[in-house]
Amino acid sequence: MIKIKKRRTVSAEIPTTSMSDISFLLLLFFLVSTVIDIDTGIGLTLPEYNPKEDVHSVPFSRDRLAAILINQNGSILFNHEVISLPQIKERLMVKINSKIGQPKNKKIVVSVKTDRNTSYSLYISVLDEVKAAYFNVREVYSRNKYGKRVYLLNKTELEDIKEEIPIIISIAEPEQIKK
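Given the structure is predicted, the values throughout are model-derived calculations rather than measurements.

Caption draft 1: Representation of the packing of helix α3 (residues 120–146) against helix α4 (residues 155–164). Orientation of α3 relative to α4, taken along the N-to-C sense of each, is 125°, at an axis distance of 11 Å. Here α3 lies oblique to α4, going by the angle between them. For the element pair α3 and α4, the recorded crossing hand is right-handed. Seen from α3, the contacting residues are Arg138, Tyr141, Ser142, Lys145 and Tyr146; seen from α4, they are Glu157, Asp160, Ile161, Lys162 and Glu164. Within the contact of α3 with α4, the residues separate by chemical class into three nonpolar, one polar and six charged.

Structure follows, in structure tokens:
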């Protein structure tokens with residue numbers, strides 16, 4: 001009888017001594033190559049600087065002003081009348097529509113002023129309502145004049161709408177009210 005010897009099979013082993021080095025190098029690579037998105041604040045389009053214009057000598061009539069005041073308790077005043085947040089858009093749309101067709105120096109200026117202790121979220125919500133009022137008026141104007149929505153307009157038509165309904169927002173510096 002023939003004896004068959006069992007051969008020992010050599011098992012394949014992966015050396016794990018340098019595995020930690022490789023994992024740390026991969027971690028370092030991804031940390032260095034990853035772009036982190038940082039919010040830098042509210043994007044507002046400011047008018048171009050014109051040194052020939054002196055901002056202190058520009059005549060300004062009160063009927064052009066839409067004054068929005070926000071106190072620390074969250075109360076909102078629109079032209080000295082207490083209103084709720086959703087009413088801003090409605091009231092502002094009426095004022096903006098009343099100035100369509102008038103020259104640029106007769107357009108509405110929206111002034112937003114807050115108390116230093118006003119919540120930031122309420123301030124942003126008010127700015128959103130102001131922008132929404134302008135965008136809604138532009139949309140209605142676009143449909144009436146061109147028969148299509150704003151995003152379907154060509155460049156010259158869009159410039160015409162921006163010229164006719166400019167977004168003019170004045171953000172006043174908050175004040176600390178002394179008690």
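Caption draft 2: Structural detail: empty space enclosed by the protein. Applying the stated criterion across every chain, the model contains one cavity of 30 Å³ or more. In this model, the largest cavity occupies a volume close to 60 Å³. Lining of the largest cavity is provided by Ile96, Lys99, Ile100, Lys107, Ile108, Tyr134, Glu164, Ile165 and Pro166. Taken together, the residues of the lining of the largest cavity sort by class into six nonpolar, no polar and three charged.

Caption draft 3: Fine view of the pairing of strand β1 (residues 65–70). Burial analysis of β1 places five of its six residues in the buried class, the great majority of the element. Pairing analysis gives six bridges linking β1 to strand β4 (residues 109–114), with the strands arranged parallel. Counted as the bridge partner of Ile70 is Thr114 from β4. Bridge count between β1 and strand β2 (residues 76–78): three bridges; the pairing is antiparallel. Within β2, the residue paired with Ile70 across the bridge is Ile76. Count of turn residues in the β1/β2 antiparallel hairpin: five residues, of which Gly74 carries a positive phi of about 95°.

The rules behind these values
Residues numbered from 1 in each chain as written. Predicted model: local features only at pLDDT ≥ 70, side-chain atom pairs only at ≥ 80, totals over all residues. Heavy atoms only, no water. Axes fitted to C-alpha atoms, helices over the stretch in contact; angles between N-to-C directions. Helix = DSSP H or I, 4+ residues; strand = E, 2+ residues; numbered from the N terminus. Parallel < 35°, antiparallel > 145°, perpendicular 65-115°, else oblique. Left-handed = near helix turned anticlockwise from the far one by under 90°. Contact = heavy atoms within 4.5 Å. Nonpolar A, V, L, I, M, F, W, Y, C, P; charged D, E, K, R; others polar. 1 Å grid on protein atoms, 1.4 Å probe; cavity = no way out; pocket = protein on both sides within 12 Å on 5 of 7 lines; lining within 4 Å. Points joined across faces, edges and corners; volume = space filled by probe spheres on them. Buried < 20%, exposed > 50% of the residue type's maximum accessible area, 1.4 Å probe, protein only. Pairing = 2+ DSSP bridges.

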